[in-house]
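Architecture and fold: a report
Listed below, chain by chain, are the residues.
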Amino acid sequence: MVGPPPQGEPPRGRPAPARPAAPQILGGSLKAPLWLRAYFQGLLFSLGCGIQRHCGKVLFLGLLALGALALGLRVAVIETDLEQLWVEVGSQVSQELRYTKEKLGEEAAYTSQMLIQTPRQEGENVLTPEALGLHLQAALTASKVQVSLYGKSWDLNKICYKSGVPLIENGMIERMIEKLFPCVILTPLDCFWEGAKLQGGSAYLPGRPDIQWTNLDPEQLLEELGPFASLEGFRELLDKAQVGQAYVGRPCLHPDDLHCPPSAPNHHSRQEELLLGGMTRDPQGQLLRAEALQTTFLLMSPRQLYEHFRGDYQTHDIGWSEEQAATVLQAWQRRFVQLAQEVLPTNASQQVHAFSSTTLDDILHAFSEVSVTRVVGGYLLMLAYACVTMLRWDCAQSQGAVGLAGVLLVALAVASGLGLCALLDIAFNAATTQVLPFLALGIGVDDIFLLAHAFTEVPSGTPLQEHTGACLQRTGTSVALTSINNMVAFFMAALVPIPALRAFSLQAAIVVSCTFAVVMLVFPAVLSLDLHRRHSQRLDVLCCFSSPCSARVIQILPQELGDRTVPVGITRLTATVQAFAHCEASSQHVVTILPPQTHLVSPPSDPLGSELFIPGGSTRDLLGQEEGTRQKIAHRSPPCACWNLARFARYQFAPLLLQSHTKALVLVLFGALLGLSLYGATLVQDGLALTDVVPRGTKEHAFLSAQLRYFSLYEVALVTQGGFDYAHSQRALFDLHQRFSSLKAVLPPPTSQPPRTWLHYYRNWLQGIQAAFDQDWAAGRITRHSYRNASEDGALAYKLLIQTGDTQEPLDFSQLPTRKLVDTEGLIPPELFYSGLTVWVNSDPLGLAASQANFYPPPPEWLHDKYDTTGENLRIPAAQPLEFAQFPFLLRGLQSTADFVEAIEGARAACAEAGRAGVRAYPSGSPFLFWEQYLGLRRCFLLAVGILLVCTFLVCALLLLNPWMAGLIVLVLAMMTMELFGIMGFLGIKLSAIPVVILVASVGIGVEFTVHVALGFLTTQGSRSLRAAHALEHTFAPVTDGAVSTLLGLLMLAGSSFDFIVRYFFMVLTVLTVLGLLHGLVLLPVLLSILGPPPEVVQVYKENTEVLNPPAPQGGGLRWGVPPSLHPSFARVTTSMTVALHPPPLPGAYIHPASDEPAWPPSTTPAASSSSTPISRGPCPATG
């Protein structure tokens, strides 16, 4: 074996060529973009070299920092409150909700537990004795639910919501009424005597059986108690409430029931009449049939239950607290749902669906729980894929352990990012726990594959201690560009003002940032350690064992091989041919590196023809692409191991794609896809129903579906605020109520009943006591100075009529004959408004409860005593000016999001009109909390996408320093977003805040599939088609691996029990990944081959008639000559060969190193000009 010639001398017998022409930069001088990029890559090179020198320390410190951040998961808080998750931040609704909570507190007045009964055969009538009897059976079973907690038994009568309990001075009567006062149960069974069976209260009076609602006749009871207590006021209260004989005066559902009272109208007959869901009436309004029944039990809130039993003898020994009250209610509700759903046999003609507020909370908690099985399964699948795709037959090039370490690092980065979010007090939600771990894994592993691919393509001759620096130099720009765009995309998605989605977007951005740091800082340390493993000739994965592979490199100087023979034992021969041109006296030269020949035979025909082999240079050293990858060889492997994605892209995919007719077909197909997507975009509807979130096939989903179909009623309220004078704004308040009541969606009250608002109840009550006063005055029972003989209502009116509202002279008896509590226009005198409000609130608890006024501040307590005629009892304290009151309404017929939006817009318009009249009001209720976002959702979506596309353009233009290319990337990304939106329409996926976040994030995720191809094209020389082919050859494999890794990360979402996760995350993100792959590897190369920007560097070749042929070999045999594909200006051909018996452990060990090339003076060294731009890097110190 002959050694190389001394440094500075050409090979013997071969004169040194004249200095060939140097690469010429467009415009005649080096452009600023190349200098800036070279500087940036010089920094990356220095970073990589530093990491390689201290790879062990970097890895240790990186793992330590990641582990410390991951500990933040211990303080993570999972938010399941719908209001906290779904109400827009900073919106009008959030401000109104905050105002409501400031005035009324955090809780609702009651919670609802519902039973819905539907026939198993759709469309059947439920107005049958059998169906009503089954409903009674289910409701009765639910009403008898008991749970034992804290050593006590809790039944419905103890925890139910009771509205308007009156205050009675007689202690015995008060205790009896408290036990008998009915729970609020909204049921069609109240139309029948059997409705009494749902009430569990009872009381005892000597000489008669236990008093229960099944045998209670309130009128008869008051007659019996009359001699023992003054119950006139209570009797008037019952008369106003029209209680009458209560249940004993109602028809029996089953007249043959032994307990059916004789007073029932149909004691021996049948009657069926009910208000139901899915009703059908005749033209006269008579009920003909119905398809559903509903019963609703109202329970106290935890705070109310706590206050009710605080200090009670039943709870004094258990340390009674609000948390215990909440636990009691939750346990009762779960038992309620369980028993109600199991009460009917499976073969019954009817089915009962039960639901409670706790059921919804349980669903949200289950929705937010981390599925350990799916997370572990997804990460194991990714580990297996990374290991298998990076394993090689060549032990020296195999990277299976690198793949495993990379996936584990990404997993740790995800955990540390989420831990940092927890430390920053960003609450987790279902999207965080169900989606983000898989999405972040898929995105993060993309860059791992890119770095691993690039590390195997480090140029020949790179010193061992500079491998990591060279890898980061070539790929750092790509990784930075994709990661920055992903971060910007998720930060822009945080513009969506929904708290759950804003938290998800911020968490995703932080996780991507942590992954970026790991990929740029920690993973290169892993690559450096693996380089030491390869240099030490150890097995991949099982690094404790030495590799059986050995390396013997034979350097053969340029010479002929006599008799066409190869030394014994050589299994593969590679030749690298460098051609130099002798040009003008400018002492410049050009260099081209011809494709390697794996055998001493003619190279295989290239599908792209000789275009790939014409002299050409590249700036790929600046951007992570290396033309010299074809110089690397391995030992003989099985035939199947010779195939890879890069080879497929070079020899099959790129030649086919870049043919003229294929380009035309691609443009037509993608144009058709865009057109179909534009049509599909018109099919996208707004909305996200609760049935979309609850798993299909569950009992909860069946209930919600039945409720949406048959009982689409929503309780809402029209809230009036402070800041205006209620007493002088009564006409405006009545007008506001009338305007609101006229909305299409508002359910009007029965014609026989007055409107259910506090102002109407208050005014009607005043008119009632005014009528009683007038009667008493006319009969002489009331005089100017006495009301002792008046009725209770007359005495109340007397006290109100003498009020002046003046603190100095509060009473004026001379007003009695002339003053009225309500004037002829139906308005209350302003000076009496707040005094009368105090009297009404304390004297008409049933009317107050029915009005659901919820006054704040509440009027003061005041007790009326007709027999107390002192001045103190005559003086009525006026209520404070109101800051909060509400009118209740029912909205009906709200099926689609368009219905909700129409109702919301009408309500807002009514409030705006009232505002112009001086009344400050806003609507309140679940439709306004959860559906008002759709008023501006599409505007928010377009704004976020538009801003993000502009940001992406700026980022790409800044890092690529090529606005032309940045514009093409943004064009492709906009097409992807539009097509994804259109496909959502065809898939029936509705537009809500969740798809909006994915659509916004799709811009950033799409950069993963486009920027690598764009970089490869931008930094390659030649025609547009040639540059597109080069870009595909070098990026097809990492982009495809990245897409597959993303799909594997998403695959585990398909196994979610929540159809919502499958439809809104898995399907949408999968479509996004497929679109990204098609646009990045099919459409973008075609567009670049047609519209791509010019290359940054152009080689200039000059004709020279002087051709120096090498001396002929001295014997026959294989001769080296100028290949026919070389440019005619080439004047000298030098050859060098590296012969390897077996694959050595290092890629650079068997590639002809730069230091072993025929040495030329520094000014004429070919290697010095093999790159078309200067590389800003210096030598790295040797690894210690």
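As the structure is a computational prediction, the values presented were derived from the model and not from experiment.

What counts, and where the lines are drawn
Residues numbered from 1 in each chain as written. Predicted model: local features only at pLDDT ≥ 70, side-chain atom pairs only at ≥ 80, totals over all residues. Heavy atoms only, no water. Helix = DSSP H or I, 4+ residues; strand = E, 2+ residues; numbered from the N terminus. Buried < 20%, exposed > 50% of the residue type's maximum accessible area, 1.4 Å probe, protein only. Contact = heavy atoms within 4.5 Å. Areas by Shrake-Rupley, 256 points an atom, 1.4 Å probe, with all protein chains shown as cover. Bend = angle between axes of the 7 residues up to and from the residue. Pairing = 2+ DSSP bridges. Axes fitted to C-alpha atoms, helices over the stretch in contact; angles between N-to-C directions. Phe/Tyr/Trp six-rings, centres within 6.5 Å; stacked < 30°, edge-to-face > 60°. Lys NZ or Arg CZ within 6 Å of the ring centre and 35° of its normal. Core = buried A, V, L, I, M, F, W, Y, C linked by side-chain atoms within 4.5 Å. Disulfide = S-S within 2.5 Å. Polar contact = N/O pair within 3.5 Å; in protein donor to acceptor, adjacent residues only side chain to side chain.

**A short note on the overall build of the chain**
A tally of regular secondary structure across the chain gives 35 helices and 21 strands. For the chain, the proportion of its 1184 residues judged to be buried stands at 54%. Long-range pairs, those at least 24 residues apart, make up 79% of the contacts in the chain with a sequence separation of at least 6. Within the structure as shown, the chain displays about 49800 Å² of accessible surface, and the carbon and sulfur contribution to it stands at 58%.

**Let's talk about helix α35 (residues 1059-1091)**
Considering bend angle alone, the principal kink of α35 is centred on histidine 1079 and spans about 40 degrees. By the criterion of burial, α35 is predominantly enclosed, with 24 of the 33 residues buried.

**Some points on the sheet that holds strand β18 (residues 921-925)**
One open sheet holds the 3 strands; their spatial order is β17-β16-β18, and the pairing between them is antiparallel. Looking along the sheet, the strands with just one partner apiece sit at the ends: β17 (884-891) and β18. Neighbour to neighbour, the strand axes of the sheet diverge by 25 degrees on average, direction disregarded. Seen against the sheet, helix α29 (residues 897-916) touches β16 (714-721) and β18 and runs at an angle of roughly 150 degrees to β18.

**A short note on the packing of aromatic side chains**
Taken as a whole, this structure holds 31 aromatic pairs when the rule is applied. Residues phenylalanine 653 and phenylalanine 1036 carry aromatic rings whose centres are separated by 5.1 Å and whose planes lie at 50 degrees to one another, so their mutual orientation is tilted. Pair noted here: phenylalanine 653 is in helix α19 (residues 645-657) and phenylalanine 1036 is in helix α34 (residues 1024-1051), with a separation of 383 residues, a long-range link. Across the pair, phenylalanine 1036 and phenylalanine 653 agree in class, each one buried. Seen from their ring centres, tryptophan 758 and phenylalanine 855 are 5.0 Å apart, and the 85 degrees between their planes marks the pair as edge-to-face. Taken as a pair, tryptophan 758 in helix α24 (residues 758-779) and phenylalanine 855 in the loop between α27 (845-851) and α28 (871-874) lie far apart in primary sequence, 97 residues in all. Like phenylalanine 855, tryptophan 758 is buried. Members of the aromatic cluster, joined through ring pairs, are Phe724, Tyr726, Trp758, Tyr762, Phe833, Tyr834, Trp840, Phe855 and Phe887. Over the aromatic face of tryptophan 154 sits the side chain of lysine 158, whose NZ or CZ is 5.9 Å from the ring centroid. Looking at arginine 1027, its charged tip hangs above the ring of phenylalanine 1017, at a distance of 4.0 Å from the centre.

**Thoughts on unusual backbone geometry**
Between tyrosine 856 and the following residue, proline 857, the backbone shows a cis peptide bond with an omega angle of -5 degrees. Of note in the backbone geometry, glutamine 852 takes a positive phi value of approximately 55 degrees without being a glycine. With a relative accessible area of 27%, glutamine 852 lands in the partly exposed category. Within the chain, asparagine 854 stands out as a residue other than glycine whose phi angle is a positive 55 degrees.

**Some thoughts on the nonpolar core**
One broad trend across soluble globular proteins is that nonpolar side chains are buried collectively. In terms of nonpolar packing, the biggest core is built from 243 residues, with Trp758 and Phe1065 touching the most fellow members. When residues of this core are assigned to their parent elements, the largest contribution, 19 residues, is made by helix α18 (residues 499-535). Discounting chain neighbours no more than four positions away, the residues touching phenylalanine 1065 are Ala431, Val435, Ile994, Ile998, Leu1053, Phe1060 and Thr1070. Among the nonpolar cores identified, the runner-up in size contains 46 residues, and Ala142, Val147, Leu156 and Phe336 belong to it.

**Some thoughts on the sheet that holds strand β10 (residues 293-300)**
Paired through backbone hydrogen bonds, the strands of a sheet run either parallel or antiparallel to each other. Taken in spatial order, the 4 strands line up as β5-β10-β2-β11 in an open sheet, and their pairing is antiparallel. Both edges of this open sheet fall to β5 (185-186) and β11 (350-356), since each of them pairs with a single strand only. The pairing of strand β2 (residues 110-119) with β10 spans 8 bridges and is classified as antiparallel. Its bridge partner being in β10, isoleucine 116 is matched across the sheet by glutamine 294.

**So, the pairing of strand β3 (residues 146-149)**
Here β3 pairs with strand β4 (residues 152-155) via 4 bridges, running antiparallel. When the sheet's bridge partners are listed, glutamine 146 is paired in β4 with aspartate 155. Remark: 2 residues form the turn of the hairpin made by β3 and β4, two consecutive strands paired antiparallel; tyrosine 150 in that turn has positive phi of roughly 60 degrees.

**Quick look at the state of the cysteines**
Simply put, disulfide is the name for a covalent bond between the sulfur atoms of two cysteines. Under the definition given, this model contains 1 disulfide. Covalent S-S linkage joins cysteine 160 and cysteine 183, the inter-sulfur distance amounting to 1.9 Å. In this structure the cystine formed by cysteine 160 and cysteine 183 twists about its S-S bond by roughly -70 degrees; its chirality is therefore left-handed. Highlighted residues: cysteine 160 in the loop between α6 (156-159) and α7 (171-180) and cysteine 183 in the loop between α7 and β5, separated in sequence by 23 residues. Both residues of the pair, cysteine 160 and cysteine 183, count as buried. Here cysteine 514 stays free of any disulfide, with the sulfur of cysteine 421 as its closest cysteine sulfur at 7.5 Å.

**Side note on the side chain of arginine 1027**
Tracing the backbone shows arginine 1027 in helix α34. A distance of 3.0 Å separates the side chain of arginine 1027 from the backbone oxygen of threonine 1020, its partner in a polar contact. The residues touching arginine 1027, leaving out its near neighbours within four places in the chain, are Phe1017, Leu1018, Thr1020, Gln1021, Gly1022, Pro1093, Pro1094 and Pro1095.

**Comments concerning the environment of leucine 1051**
Turning to its location among the elements, leucine 1051 is positioned in helix α34. It is 8.5 Å that separates the C-alpha atoms of leucine 1051 and phenylalanine 438, two residues lying 613 residues apart in sequence. Non-local contacts of leucine 1051, meaning those with residues more than four positions away in its chain, are made with Leu381 and Phe1066.

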